[in-house]
Structures are given as C-alpha cells and as structure tokens.
Amino acid sequence: MKYKLILTAFLTAFLTVLPCNTTALASVYTGHLDSTSEECISGWAWDSENPSHAVNVQILVKNSSFSTVQELSATADLYYSHLSDAGIGTGKYGFSVSMNWSSLPDGFYFVEAYVAGTKLPNCLQVTKSGSSVSYTSGSSVRSLGVFQTTAYCPCYSCSEGWGRHTSTGAIASARHTIAVDPRVIPYGSRVMINGMVYTAEDRGGAVKGNHIDIFFDTHGETRQYGTQYTEVFLLQ
Ligand SMILES: [Zn+2]
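Attention here is on the structure that accompanies the text.

Scoring rules and cut-offs
Residues numbered from 1 in each chain as written. Predicted model: local features only at pLDDT ≥ 70, side-chain atom pairs only at ≥ 80, totals over all residues. Helix = DSSP H or I, 4+ residues; strand = E, 2+ residues; numbered from the N terminus. Buried ≥ 20, exposed ≤ 12 C-beta atoms within 10 Å, placed from the backbone. Contact = placed C-beta atoms within 7 Å. Pairing = 2+ DSSP bridges. Axes fitted to C-alpha atoms, helices over the stretch in contact; angles between N-to-C directions. Core = buried A, V, L, I, M, F, W, Y, C linked by C-beta atoms within 7 Å.

Quick look at the overall build of the protein chain
Here is step 1: Looking only at helices and strands, the protein chain has 4 helices and 16 strands in total.
Here is step 2: Relative to its 236 residues, the protein chain shows a buried fraction of 27%.
Here is step 3: Contacts in the protein chain between residues far apart in sequence, at least 24 positions, make up 58% of those at least 6 positions apart.

Structural notes on the pairing of strand 2 (residues 40–47)
Here is step 1: Within strand 2, 6 of the 8 residues are buried, leaving the element largely enclosed by the surrounding structure.
Here is step 2: Pairing between strand 1 (residues 29–36) and strand 2: 7 bridges, direction antiparallel. Residue pairing for strand 2: glycine 31 is matched across the bridge by alanine 45.
Here is step 3: Here strand 1 folds back onto strand 2 in antiparallel fashion, the turn holding 3 residues.
Here is step 4: Examined bridge by bridge, strand 2 and strand 6 (residues 92–98) share 5 bridges and lie antiparallel to one another. For cysteine 40, the partnering residue across the bridge sits in strand 6 and is serine 98.

Notes on unusual backbone geometry
Here is step 1: Within the chain, alanine 116 stands out as a residue other than glycine whose phi angle is a positive 45°.
Here is step 2: The residue alanine 116 is located in the loop between strand 7 (107–115) and strand 8 (118–119) in this model.
Here is step 3: Even without being a glycine, arginine 175 presents a positive backbone phi close to 60°.
Here is step 4: Counting through the fold element by element, arginine 175 comes out in the loop between helix 3 (156–159) and strand 12 (177–179).
Here is step 5: With 13 C-beta atoms packed within 10 Å, arginine 175 lands in the partly exposed category.

Thoughts on the sheet that holds strand 14 (residues 196–202)
Here is step 1: The sheet built from 6 strands closes into a barrel, its strands ordered 11-15-12-14-13-16 with mixed pairing. Neighbour to neighbour, the strand axes of the sheet diverge by 45° on average, direction disregarded.
Here is step 2: In terms of strand pairing, strand 12 meets strand 14 through 3 bridges, oriented parallel. Across the sheet, threonine 177 pairs through a bridge with threonine 199, a residue of strand 14.

Focus on the nonpolar core
Here is step 1: Counting 48 residues, the largest nonpolar core has Trp44, Ala45, Val57, Ala76, Val111, Ile178 and Val191 as its most contacted members.
Here is step 2: Not counting residues within four places of it along the chain, the set of residues in contact with valine 57 comprises Ala45, Ser73, Ala74, Ala76, Phe95, Ala113 and Val115.

Structural notes on the sheet that holds strand 6
Here is step 1: Reading across from one edge, 1-2-6-5 is the order of the 4 strands in this open sheet, with antiparallel pairing throughout. Sheet topology places strand 1 and strand 5 (78–79) at the edges, where each strand pairs with a single neighbour.
Here is step 2: Relative to strand 6, strand 5 runs antiparallel, the two sharing 2 bridges. Along strand 6, the bridge assignment pairs leucine 78 with glycine 94.

Observations concerning the environment of serine 137
Here is step 1: Position of serine 137 among the secondary structure elements: in strand 10 (residues 132–138).
Here is step 2: What makes serine 137 partly exposed here is the crowd of 15 C-beta atoms within 10 Å.
Here is step 3: Once residues lying within four places of it in the same chain are set aside, the contact partners of serine 137 are Leu33, Asn122 and Leu124.

Comments concerning the environment of isoleucine 212
Here is step 1: Here isoleucine 212 lies in strand 15 (residues 211–215).
Here is step 2: Taking the C-beta count within 10 Å as the criterion, isoleucine 212 has 25 such neighbours and is therefore assigned buried.
Here is step 3: Separated by 16 residues in sequence, isoleucine 212 and glutamine 228 have C-alpha atoms that sit 10.0 Å apart.
Here is step 4: Apart from the residues within four sequence positions on either side, isoleucine 212 is in contact with Phe147, Thr149, Ile178, Val180, Ile193 and Val232.

Functional significance is not addressed by these values, which are geometric in nature.
Dropping the structure here:
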C-alpha cells in the first residue's frame with residue numbers, strides 16, 4: 001500500500017512534468033559578432049533548436065565607463081554562405097545594422113549582442129579615433145582593480161639609457177606602450193586605462209605588483225601625468 005502510494009505520487013509528478021518537456025525543445029542561442037566598420041555592425045545568430053526562425057538580436061554599444069551609449073536591434077535573416085558551408089542550418093542567420101560611430105566621441109568602446117537575454121560569446125573591442133574605427137574580437141573586459149599608474153619617457157632619468165627600447169624588444173610608442181610587473185600582467189596583454197587601450201611590453205625596476213608605468217614621448221607629459229590611482233581593465 002505504501003509503495004503503491006509512492007508509485008502513484010511518482011507517476012503523477014512524472015506526467016505533470018512530461019508535457020513541458022515535449023511541447024518545445026529549449027532554445028539554444030548562439031552566434032558571433034563579426035565586425036564593425038564606420039557605418040555598421042555585423043554578425044550572425046541563430047536558435048539551433050528552431051533553425052527556421054530568424055531571431056532578433058539586441059546590440060549594445062558601451063563606452064569605457066560601461067555605460068550603454070547606443071542600443072540597436074536587428075533580425076538575423078541574411079544569408080551568409082560561410083554559415084551554410086559550415087553546416088549551420090540554412091545559413092540565413094546574418095545581421096548587419098547601421099551604426100553611426102561618427103556621432104560618438106573618440107575613445108574606447110565595446111559591443112555586445114544578446115538574443116532573448118542570452119549574450120553571444122564574443123564582444124568587439126573598438127577604438128574610435130576621428131573617422132577611423134578599428135576593432136578586435138575578444139571575450140571580455142575584466143577589471144583588475146585599482147592600480148598605481150605613473151609615467152615615463154625615453155629621457156635618461158626615466159629610462160636609464162634604454163630610450164625607446166623595451167624589455168620585450170618592442171620599440172616603445174606613446175598611447176600604446178606600458179611597463180608592467182609581468183607576474184601581475186603578462187607581456188602582450190591589452191589593458192584599458194582611463195579609456196585608452198595599451199599593450200604590456202616593458203618592465204621597470206620600480207614597477208612591482210599593482211603598478212603600471214605609461215610611456216609618453218616627452219618628460220613634460222610625464223610630469224603632467226604624475227601619479228594616478230585608477231581602475232584598470234584587462235581586454236581578453
Ligand atoms: Zn623622462
């Protein structure tokens with residue numbers, strides 16, 4: 001009797017749950033942000049459990065303070081032969097949406113895309129400078145916390161005769177090179193500081209732990225920069 005009751009309860013629970021599982025397969029959204037030009041953002045997205053349905057993509061353009069500065073949407077229904085060639089359904093999952101980068105101030109931005117609340121795996125990391133828009137496909141923009149940041153230049157007192165030569169062999173350039181403690185930030189990392197993206201390609205005797213030394217062309221600029229404590233972000 002006791003077992004029969006348990007069995008009945010089990011079957012009731014099973015039958016109650018069953019219709020939910022059979023009426024529709026759960027949606028599985030995926031896709032990719034492919035590129036951006038001065039005028040548009042493109043990529044593709046689909047629901048692999050419902051390949052005949054064109055999904056709606058929401059695209060967020062965020063600035064270096066993580067504020068959304070543009071919100072765009074597109075229906076992913078353009079035919080991309082490289083998708084069908086890769087065995088992705090009918091291949092009619094592309095999107096291309098107008099984006100007016102010239103309306104935004106120069107600086108660093110990143111672009112994310114969502115389908116029904118699911119974030120597509122990659123993001124575009126965009127540097128806008130005048131009429132030029134360049135981008136890298138990445139996975140995330142991650143805070144490394146607050147660092148002490150200082151400045152150096154090719155002069156003898158800053159670089160002790162190294163000039164523009166760095167410890168990695170790269171020739172240092174302004175708005176690009178930073179010196180790091182490679183145990184904290186590996187060489188080659190792209191790091192966003194005060195809305196500008198730099199590459200870790202040098203080190204310095206005094207640069208230890210959560211300290212970054214930023215390369216400038218002239219000693220006057222290093223004096224002007226001084227020492228600043230600021231949150232830094234790793235672009236991955
Ligand atoms: Zn100097």
